[in-house]
Every structure is written in C-alpha cells, then in structure tokens.
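# Summary of the model geometry
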Amino acid sequence: QNKKVLAYISLGEVNVNAAHYNELKNSTLGKNKIWNSYYLDLKSEKTIEILLHIVDETLNKGYDGLFLDNIDNYCMYGQQKDQKEDLIKLLKKIKEKYPNKTFIQNAGLEIIEQTHDYVDAIAIESIATNYSFKTKKYGLRDNSQFETSMKNLESINIKYKMPIILIEYADSEVLFKQIEDKIKD
C-alpha cells in the first residue's frame with residue numbers, strides 16, 4: 001500500500017475554492033455550473049505558467065506523480081475541444097520536466113493517441129455505473145454500453161501497454177456488489 005502517492009490537479013477547470021483560483025479567475029472561458037468551476041484557458045501564457053508552478057510545487061513536496069483530471073474537456077464534446085493541442089503541449093512539458101514521475105490521465109480516451117507518450121496510466125470513471133443528475137442516484141449502465149466501453153479500454157490497454165484504472169461509484173451495498181460482479185473479469 002502507498003507504494004506511489006499521487007496528488008490531484010485539474011488541467012481543465014478551476015474551482016472557486018482552489019488556492020490558485022484568484023490567480024486564474026480572469027483567464028477562464030466560462031462556468032461549469034454542474035461543478036461550480038470555471039474552464040481554464042490553455043491558450044493563455046499566464047494559465048500555463050500558473051499550472052506549471054502548481055505542478056512544480058506539488059511534485060517538490062515529494063509526491064510520486066499526479067492524477068490529471070478533466071482531460072475529457074479537450075475531447076470532441078468537451079468545452080475546451082479547440083484547445084486540445086494546447087493540452088498536449090502542456091502534458092509534454094510536464095513529462096519532459098518530470099520523466100520519472102507517474103501521471104494518470106483521467107478520461108479523455110478519445111485523445112489517448114496524442115497523450116499516451118506523456119501519461120503512464122488511464123483512469124476512467126463510471127464504466128459500469130451511471131449517475132443521473134435528474135434523480136441524483138447511481139445505477140448500472142445497460143450491458144451494451146458497458147461492453148462497448150470495456151472493448152475500447154481493452155484495445156487501448158493492448159495498443160499502448162497502459163494500465164487502466166476503473167473508478168466506480170455506489171451509494172448502496174447492493175449497487176456495490178452489482179458493480180463488483182460486473183467488472184470482476
């Protein structure tokens with residue numbers, strides 16, 4: 001346990017409660033109302049400078065790497081899809097500066113072909129489960145969605161020799177057991 005300890009950083013959004021919010025609030029691209037956060041502008045030199053400073057500060061504390069969140073924001077349906085190349089440049093800078101650190105990309109499977117050289121693993125949330133913002137409940141995804149996602153993850157794992165970490169959410173013991181059974185294999 002705790003062989004590697006990673007810190008969290010969002011490369012797509014900044015929340016009003018983040019220590020660096022005041023530095024970034026004037027270089028954002030709009031609000032994500034679901035999470036009460038603001039989309040980062042990676043075309044802004046100031047934003048890149050602040051993010052790199054946060055990475056330096058964090059890794060200098062002794063963490064083994066970073067969990068890179070909100071990568072899906074830069075994909076086809078994301079709010080920052082026009083900044084995909086800017087994200088890739090940022091990931092490259094970080095990996096070149098810290099080649100021996102571990103970086104886990106959260107989501108953004110669509111751009112793994114461009115990011116795989118700069119990350120060591122992929123985390124993906126809610127493959128077996130789904131959250132309804134309407135009912136505010138977790139439930140199982142239908143089998144066809146689950147199977148399609150699993151095949152996609154398997155092909156990524158094979159092609160890039162990259163570990164895949166599934167993150168699932170359950171709000172009951174029953175759902176927990178159902179998830180466990182579904183992803184066991």
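Heads up: the structure comes first, above all this text.
Procedures and definitions
Residues numbered from 1 in each chain as written. Predicted model: local features only at pLDDT ≥ 70, side-chain atom pairs only at ≥ 80, totals over all residues. Heavy atoms only, no water. Phe/Tyr/Trp six-rings, centres within 6.5 Å; stacked < 30°, edge-to-face > 60°. Helix = DSSP H or I, 4+ residues; strand = E, 2+ residues; numbered from the N terminus. Buried < 20%, exposed > 50% of the residue type's maximum accessible area, 1.4 Å probe, protein only. Lys NZ or Arg CZ within 6 Å of the ring centre and 35° of its normal. Patch = residues over 30% accessible without salt bridge, like charges linked within 9 Å, V, L, I, M, F, W, Y side chains within 5 Å. Areas by Shrake-Rupley, 256 points an atom, 1.4 Å probe, with all protein chains shown as cover. Salt bridge = Lys/Arg side-chain N within 4 Å of Asp/Glu carboxyl O. Core = buried A, V, L, I, M, F, W, Y, C linked by side-chain atoms within 4.5 Å. Contact = heavy atoms within 4.5 Å. Pairing = 2+ DSSP bridges. Axes fitted to C-alpha atoms, helices over the stretch in contact; angles between N-to-C directions.

### So, the packing of aromatic side chains
A complete count under the given rule lists six aromatic pairs for this structure. On the numbers, 6.1 Å between centres and 25° between planes, the contact of Tyr8 with Phe67 is stacked. One end of the pair, Tyr8, is in strand 1 (residues 6-10); the other, Phe67, is in strand 5 (residues 65-69), with 59 residues separating them in the sequence. An angle of 55° between the planes, with centres 4.7 Å apart, marks the rings of Tyr131 and Tyr138 as tilted. By relative accessible area, which is 29% here, Tyr131 ends up partly exposed. Here the aromatic residues Trp35, Tyr131, Phe133, Tyr138 and Tyr169 are joined through ring pairs into a cluster of three or more. Over the ring of Phe146 we find Lys182; its NZ or CZ atom is 5.1 Å from the centre of that ring.

### Some remarks on a nonpolar patch on the surface
Among the surface-exposed residues, Ile34, Trp35 and Phe133 lie close enough to one another that they form a single nonpolar patch of about 370 Å² accessible area. Note on placement: Ile34 falls in the loop between strand 3 (28-32) and strand 4 (37-40). For Ile34, a relative accessible area of 54% corresponds to the exposed category.

### Structural notes on the nonpolar core
With 44 residues, the main nonpolar core has Ile9, Leu11, Leu42, Leu66, Leu68, Leu87 and Phe103 as its most contacted residues. Leave out the neighbours within four places in its chain, and Leu68 touches Ile9, Leu11, Leu91, Phe103, Ile104, Gln105, Asn106 and Val119.

### Section: the sheet that holds strand 3
Read across the sheet, three strands follow the order 2-4-3 without closing on themselves; strand pairing throughout is antiparallel. The sheet is open, and its two edges are formed by strand 2 (13-15) and strand 3, each paired on a single side. With direction set aside, neighbouring strand axes in the sheet form an average angle of 30°. Across three bridges, strand 2 lies against strand 4 in antiparallel orientation. What sits directly across from Val14, in strand 4, is Tyr38.

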